[in-house]
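So the chains spell out like this:
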Amino acid sequence: MVDLQQHHTFALTAQANSLIQITSVEELQARLPFKQPFVILGQGSNTVFVDDFAGDVLHIALKGIQRHSTDSHHLLNVAAGENWHELVCWTLQNGITGFENLALIPGTVGAAPIQNIGAYGKEIASYIDSVEYLDIQSGALFNLAGEECEFGYRDSVFKHRLHAKVVITAVNFKIPIQWQAVADYGELRQLQQPTAQDIFEQVVAIRQQKLPDPAQVGNAGSFFKNPVISQQQYQQLQQQWPSMPHFAVNPQQVKVPAAWLIEQAGFKGKMLGGVQSHPTQPLVLTNIGQATGEQLLAFARSIRQQVHEQFSIMLDNEVRLIGRHGMVSL
């Protein structure tokens with residue numbers, strides 16, 4: 001058995017049969033067929049082991065960045081095990097702009113398309129040209145075009161039709177050379193004619209101010225997704241909650257901040273055992289000391305139930321929860 005506490009940022013005590021480091025595609029292919037059950041893991045920033053896992057954990061540590069350019073775009077081929085924030089820093093240092101709004105998002109490049117990571121008005125889907133992956137059953141390598149990845153809000157084909165069937169090995173990014181600032185979201189609005197570096201520094205400062213550092217306090221970032229509801233439902237709720245914030249998704253739908261819902265439901269700063277809804281960002285659940293998977297699940301379910309009773313909105317977890325035999329549902 002191997003200790004997993006240092007391999008997921010929520011840092012619950014958990015064990016697995018083995019932890020296998022994967023540093024090349026060939027090594028990954030040589031491991032086929034994978035023993036059941038198994039979990040594919042990057043840096044563990046969006047995964048919480050809520051129990052001992054009765055299987056093998058394959059840690060994807062593929063490294064490498066290749067850069068090419070056309071007259072209109074920067075083209076990057078980035079291995080799945082590269083750290084996301086370090087890639088954002090690398091692009092700016094090398095004169096490539098576009099990723100600055102997505103600074104300090106924890107995790108690896110391979111996890112980015114699965115989640116369709118996004119922040120401050122941008123989603124990574126708009127920059128993904130294709131995703132390279134290994135088919136677990138056949139061992140063959142494929143390159144899936146970005147438009148075939150079925151990207152949605154914190155969603156992709158890798159959470160549905162291809163879930164547990166593939167391992168992402170690299171991501172190909174296509175970034176326009178002609179840059180346009182996106183600074184009309186949240187606290188970025190205070191910036192006047194910002195450069196990409198200005199936006200990067202502001203995003204980093206905001207995230208460091210609002211969010212707990214996993215190295216200091218165990219957490220997995222935003223525990224729940226921001227729910228998307230109909231305009232009709234929002235207008236009905238606004239009659240009772242005039243201050244309810246929202247962001248337009250399209251003419252028919254709006255996104256409501258889950259943090260606001262959780263705070264209104266009375267959970268901001270609240271604790272259950274060793275688990276707390278963070279005092280400055282209630283969307284983040286933290287391990288304040290000796291938390292257990294049972295406590296985390298109970299607390300998350302309590303939040304979910306209360307928000308639903310109060311607003312008729314059902315929160316979905318953004319964090320991947322792994323139990324003894326695989327994924328656990330709230």
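Owing to the predicted nature of the structure, the values given are computational and were not obtained by experimental measurement. (Residues numbered from 1 in each chain as written. Predicted model: local features only at pLDDT ≥ 70, side-chain atom pairs only at ≥ 80, totals over all residues. Heavy atoms only, no water.)

Caption draft 1: Broad picture of the overall build of the protein. Along the protein, the regular secondary structure elements total seven helices and 20 strands. Dimensions of the protein, computed from the C-alpha atoms along their principal axes, are close to 55 × 50 × 35 Å. For the protein, buried positions account for 48% of its 330 residues. Look at the contacts in the protein between residues 6 or more apart in sequence, and 61% of them connect residues 24 or more apart. Of the roughly 15600 Å² of accessible surface on the protein, a fraction of 46% belongs to carbon and sulfur atoms. Across the protein, the centroid of the 21 positively charged side chains sits 4 Å from that of the 28 negatively charged ones. (Helix = DSSP H or I, 4+ residues; strand = E, 2+ residues; numbered from the N terminus. Buried < 20%, exposed > 50% of the residue type's maximum accessible area, 1.4 Å probe, protein only. Contact = heavy atoms within 4.5 Å. Areas by Shrake-Rupley, 256 points an atom, 1.4 Å probe, with all protein chains shown as cover. Lys, Arg positive; Asp, Glu negative; His and termini not counted. Charge placed at Lys NZ, Arg CZ, Asp CG, Glu CD.)

Caption draft 2: Here's a closer look at the nonpolar core. If you look at the biggest cluster of nonpolar residues, it comprises 53 residues, and the most contacted ones within it are Leu-28, Trp-84, Phe-99, Ile-124, Phe-158 and Phe-173. Counting only elements with at least two residues in this core, the list comes to strand 2 (15-22), helix 1 (25-30), strand 5 (53-60), strand 7 (73-79), helix 2 (84-93), strand 10 (128-135), strand 12 (166-176) and helix 4 (196-210). Ranked by size, the runner-up nonpolar core spans 37 residues in total, among them Val-50, Met-244, Ala-291 and Leu-296. (Core = buried A, V, L, I, M, F, W, Y, C linked by side-chain atoms within 4.5 Å.)

Caption draft 3: Structural context of helix 2. Regarding helix 2, the residues found buried are Trp-84, His-85, Leu-87, Val-88, Thr-91 and Leu-92. Mapping the buried residues of helix 2 onto a view down its axis gives an arc of 155°, with all of them on the same face. Facing away from the buried side of helix 2, by more than 90 degrees, are the exposed residues Glu-86 and Gln-93. If you follow the buried residues of helix 2, they end up packed against strand 6 (65-69), strand 7, helix 3 (112-115), strand 12 and helix 4. One side-chain oxygen of the residue at the start of helix 2 lies 3.1 Å from the amide nitrogen of His-85, identifying that residue as Asn-83. Looking one or two residues past helix 2, Gly-95 carries a phi angle of roughly 75°, positive in sign. (Arc of directions from axis to C-beta. Polar contact = N/O pair within 3.5 Å; in protein donor to acceptor, adjacent residues only side chain to side chain.)

Caption draft 4: Region of the structure containing the sheet that holds strand 14 (residues 228-230). Taken together, the three strands give an open sheet; going across it, the order is 14-16-15, and neighbouring strands pair in antiparallel fashion. Looking at which strands have only one partner, the edges of the open sheet turn out to be strand 14 and strand 15 (247-250). Within this sheet the neighbouring strands show an average axis-to-axis angle of 35°, counted without direction. Pairing of strand 14 with strand 16 (residues 253-255), which is carried by three bridges, proceeds in the antiparallel orientation. Residue Val-228 lies in a different strand from strand 16, and its bridge partner there is Lys-255. Contacts between helix 5 (residues 231-240) and the sheet are confined to strand 14, strand 15 and strand 16, with strand 14 contributing the most and set at about 85° to the helix. (Pairing = 2+ DSSP bridges. Axes fitted to C-alpha atoms, helices over the stretch in contact; angles between N-to-C directions.)

Caption draft 5: Structural detail: the packing of aromatic side chains. Under the defined criterion, the tally for this structure stands at 15 aromatic pairs. Between Trp-84 and Phe-99, the ring centres sit 5.2 Å apart and the planes meet at 40°, which makes this aromatic pair tilted. A residue pair is termed long-range when its members are at least 10 positions apart, and Trp-84 in helix 2 and Phe-99 in the loop between helix 2 and helix 3 qualify at 15 residues. With respect to burial, Trp-84 and Phe-99 carry one shared label: buried. An angle of 15° between the planes, with centres 4.9 Å apart, marks the rings of Tyr-185 and Phe-247 as stacked. Of the two residues, Tyr-185 is situated in the loop between strand 12 and helix 4 and Phe-247 in strand 15; the sequence distance between them amounts to 62 residues. Taken together, the ring pairs connect Trp-84, Phe-99, Tyr-127 and Phe-173 into an aromatic cluster. (Phe/Tyr/Trp six-rings, centres within 6.5 Å; stacked < 30°, edge-to-face > 60°.)

Caption draft 6: Expanded view of the environment of Met-244. As for its placement among the helices and strands, Met-244 is situated in the loop between helix 5 and strand 15. Take Met-244: its relative accessible area is 2%, and that puts it in the buried class. Separated by 16 residues in sequence, Met-244 and Trp-260 place their C-alpha atoms 7.7 Å apart. The contacts of Met-244, once residues within four sequence positions are left out, are Tyr-234, Leu-237, Val-256, Trp-260, Leu-261 and Phe-311.

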